[in-house]
Amino acid sequence: MRVFFQQLINGITIGSTYALVSIGFTMVFGVLELTNFANGSLYMLGAYLSLMLYSATGMNAFLAFFISIILTGGVGYLLDRLALRRLRNKKAPKLTGLITTLGMSMIIDNTIMLAFGSETKPFPNHFDFGRIEIGSVVISWVQIIILATALTLMLILSFVVYKTKIGKAMRCTSQNAEAARLMGISVNRVIAFTFIISGVLACISGNLVGMYYQTVDITMGASIGMKTFASAILGGVGVLPGAMVGGLVVGVIETFAAGYISSGYRDAISFVVLILVLLIKPSGLFGSKQINKV
Amino acid sequence: MEKFCEKLVRYRVPLLILACVVAVAFPFVFPSKYFIRIGTVCLMYVMITLSLNLMVGYMGQMSFGHAAFMGIGAYTAAILTTTYDVPFFVAFILAGVVAGLFGLLLGLPVLKLKGYYFTIITMVFCEIVRVVELNWMSLTRGPLGIMAIPKPSFLGFEITTPRQFYFMILVLVALSTLVVSNLMKSRVGYAILAIRDDELAAEAMGIHVFRYKMIVFILSSLLVGLAGAFYATYTSYIDPSSFAAAQSNDMLVMVIFGGLGNTVGSFIGAISLSILPEALRDLAQYRQLIYGVLLVLLMMVKPQGLLGDINFKYIRQRMEHREKSKEAANE
Amino acid sequence: MSERILKTEHITQRFGGLVALSDISMEVNSGEIVGIIGPNGAGKSTLFNVITGMYNPTEGKVEMLGQDVTGWKPYRITELGFSRTFQNIRLFPRMTVQDNVIVGMHTRTKGNIFSGVFFTKKEKEERASCVREADTILRLLGLYEDRFEMGTSLPYGSQRKLEIARALATRPKLLLLDEPAAGMNEQETEELRQIVYRLKEMGYTILLIEHDMKFVMNICERIYVLNNGCMISSGTPDEVRTDPVVIEAYLGKEE
């Protein structure tokens, strides 16, 4: 039982970081119906940027973290501004956007690899305040901070999406971009905002995970990218609570899989679950079925 | 461009003969091992690109995980020939069959879903396959890879020299080209193109969309599985890292660059992009970066790829039609 | 002898809380030209989508040639002999006029994956006969000269005609035309009328949705009138024209 609870805690911790990235992914999907394959790259970029700022300039870790958030959000914005917006203006088919994000992810991933090399890098843990024991279950401070950060961000985002003006504009855009534009909503601004948020979330999550494992490496982007898809689809693409729950579920599943089955197959198992879910309920846990318009 | 394409169409027969002559003469004109290796690799990528183009270009189902099926083919051939001493020819055929079977298994649940689900799942599937190859030690020897994969032999004829390998892949490419171009001329091909253009209208015309998607997915996996088997025996060593997401991306870039749904485009895409890193050796480490930039630029400027908008059959029909009506007017 | 081609019984279609169709019963007999009219949003296209299998009706039954086809997939319904056009034209954008029509012959041809891959003699002959037949259909609709142009590059009216040609290529027992005259000018509408008469002479049975009242009244033998998803009237053009319910719901509004 002790192992079970320990695994559960670990799973929720890692799952909450997946949830953060998934929220960004699902928000972009919501407003654009675009599968952003570069989302995982932003996550890796965020972690590497703060590592570089911290270790190369010796600046305060929190300042480095903060700057990296701004930079990654900026890259998210550029992704849209430089490429995707132009495609939208040309009314290009959706597939071109999808391929563009794949190209962007190749660019970001390989730039990082060329700049930092392909070996695993140590990542400083600024929250190494030790651990707490509850019964026989051990929770480290990093875990608590990750959970707290994720929870706070989720609350803030839910507030933003459901209670603020920009959130309303986002929801309008996701339902019908053309109508939103006619109602005076600046759709491009909404989309840019969404991309910035997805970049910021990815960056925060990347840093949290970096601290948690105390290493970063150049495969982390591709790996989180796929877990993001899994989380978002599990929960129902384009649905905010879906991404949160989906992320947690994927985190828990793979932690248990690693603990009880085999750590080698850890990544594969959540993907197999994903395929099974698609088989049974293609719209995901929280998604609603759409009617095909003729 | 239009004029140029008409020229190509007009002289298609001599051009085709020329291409065949060049392909056959190449290993004699450039007898060095290095050049023959480049030629062989180019042709292998042509075969891969042809198979992926069938799915991505002709049918419009964007796959980000084609390397998985190549890996399945390669591992099937390697395991059968090393562990079970199956004759190469049988192993080669089985490699295609097994890859096709996996296409069937994956296609059944996924091809009914919306396009982006399919794309995501193909990418994820590639990762699943890689993880399995990496961890199923008893079968695949995991990260160590499989070594000493025997050279192929058909009916007592052994393929050992680089030049023989070159001709083996040349024959495979010729057969694949024939399969793809025949298919696209046929009833099945019309159905496939209709599905690419408008799924709903295709269904209204009585086309069983799912069945044709399945056919293409299986055929495409089968062809790349055969290419994988060739790769295994050609390099005589395979490991999971040869069939990962990065390789899938390379294949996709080749298809899109050459032109979606254009067979000639597949040749151009595969050959030019596999020569590029060889020609610019210093840039070899930037290969993936360059591919990424290329992909983004293509989407902005020419999302269908170089020859994607060009349909040689239609150009020929219009040309002949024009000439006929001109003749009729003269008489 | 007039065979019953299509019969719907108490069709109801709901989307969530919205009732798009309620209790629609109608029939089409062999050789008839039947019209469905009604104001925008009356449910005409929805009814078409139910008949052709695009939607699965919430309640009710669709019967074709005496066979219950409720819930069948669209491709099976087309195989059975029902072919449609679309209100918002859906041609295959990357195909020529001729190839658009050839796709329509899918259900009547036999080529399979093996005959395709090996491009057998049989497959070759079948393709050649498809081309010949496509040209015949295109001549009938006056599109023959444009057969090598891209379908979507044609003028609007011709695109609508091409949709009819494509539907005809399935050799349907019932041809369903969804607003065939929409967006056509006077001359094109007149041409279309001639085409529909020709088709009737050739023995085709036609069910059409139309906005152009003059067109429908002239051409159809029987008319069903929909309003707000309900069938409010039916009968010959004269009966419908004088039905006070129809005048109030539909014609009355225009005055």
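My aim in this report is to walk through the structure given alongside it, one point at a time. (Residues numbered from 1 in each chain as written. Chains lettered and ligands numbered in written order. Predicted model: local features only at pLDDT ≥ 70, side-chain atom pairs only at ≥ 80, totals over all residues. Heavy atoms only, no water.)

## Topic: the interface of chain C and chain B
No. 1: Taken together, the contacts link 42 residues of chain C with 35 residues of chain B.
No. 2: Here chain C packs against chain B, burying approximately 3,400 Å² in sum over the two surfaces, 60% of which is carbon and sulfur.
No. 3: Taken together, the connections running from chain C to chain B amount to 2 salt bridges.
No. 4: The interface formed by chain C and chain B contains 16 residue pairs in polar contact (both at pLDDT 80 or more).
No. 5: When contributions to the side of chain C that touches chain B are tallied by element, the ones reaching two or more residues are α2 (74–80), β6 (82–84), α3 (97–103), α4 (113–117), α5 (121–140) and α6 (156–168) of chain C.
No. 6: Residues of the side of chain C that touches chain B, tallied by class, amount to 16 nonpolar, 12 polar and 14 charged. (Contact = heavy atoms within 4.5 Å. Buried area = accessible area lost by both parts, 1.4 Å probe. Salt bridge = Lys/Arg side-chain N within 4 Å of Asp/Glu carboxyl O. Polar contact = N/O pair within 3.5 Å; in protein donor to acceptor, adjacent residues only side chain to side chain. Helix = DSSP H or I, 4+ residues; strand = E, 2+ residues; numbered from the N terminus. Nonpolar A, V, L, I, M, F, W, Y, C, P; charged D, E, K, R; others polar.)

## Remarks on unusual backbone geometry
Residues and elements named next belong to chain C.
No. 1: Located in the positive-phi region is D23, a residue other than glycine, with phi close to 55 degrees.
No. 2: Inspection of the secondary structure puts D23 in strand β2 (residues 18–29).
No. 3: Its identity is not glycine, yet F119 carries a phi of approximately 40 degrees, on the positive side.
No. 4: By secondary structure assignment, the location of F119 is in the loop between α4 and α5.

## Notes on the packing of aromatic side chains
Two aromatic rings are characterised by how far apart their centres lie and by the angle between their planes.
Residues and elements named next belong to chain B.
No. 1: Enumeration according to the criterion identifies 26 aromatic pairs over all chains in this entry.
No. 2: Each ring, one from Y116 and one from Y117, has its centre 5.0 Å from the other, and the planes form 50 degrees; the classification is tilted.
No. 3: Site record: aromatic cluster; members linked through ring pairs are F26, F28, F30, Y34, F35, Y166 and F167.
No. 4: The ring of F210 has K112 lying over it, and the distance from NZ or CZ to the ring centre is 4.7 Å. (Phe/Tyr/Trp six-rings, centres within 6.5 Å; stacked < 30°, edge-to-face > 60°. Lys NZ or Arg CZ within 6 Å of the ring centre and 35° of its normal.)

## Considerations on the nonpolar core
No. 1: Ranked by internal contacts, the top residues of the largest apolar core, which has 241 residues, are I23 of chain A, I238 of chain B together with V101, L162 and I206 of chain C.
No. 2: The element best represented in this core is helix α11 (residues 209–235) of chain B, accounting for 16 residues.
No. 3: Setting aside residues up to four positions removed in sequence, I23 of chain A forms contacts with M154, L157, L201, L240, A243 and M244 of chain A.
No. 4: Counting 28 residues, the second-largest nonpolar core is a separate cluster that includes I11, V34, L47 and L80 of chain C. (Core = buried A, V, L, I, M, F, W, Y, C linked by side-chain atoms within 4.5 Å. Buried < 20%, exposed > 50% of the residue type's maximum accessible area, 1.4 Å probe, protein only.)

## Notes on α5 of chain C
No. 1: Over its 20 residues, α5 of chain C extends 29 Å from the first C-alpha to the last, a length consistent with the 28 Å expected when each residue adds 1.5 Å.
No. 2: All buried positions along α5 of chain C are accounted for by E123, E126, R127, C130, A134, D135, I137 and L138 of chain C.
No. 3: Buried residues along α5 of chain C sit against α8 (162–185) and α9 (187–197) of chain B together with α3, α4 and α6 of chain C.
No. 4: One or two steps after α5 of chain C, the chain reaches G142 of chain C, where phi turns positive at roughly 70 degrees. (Expected span 1.5 Å × (residues − 1).)

Any functional reading would require information that these geometric values do not contain.
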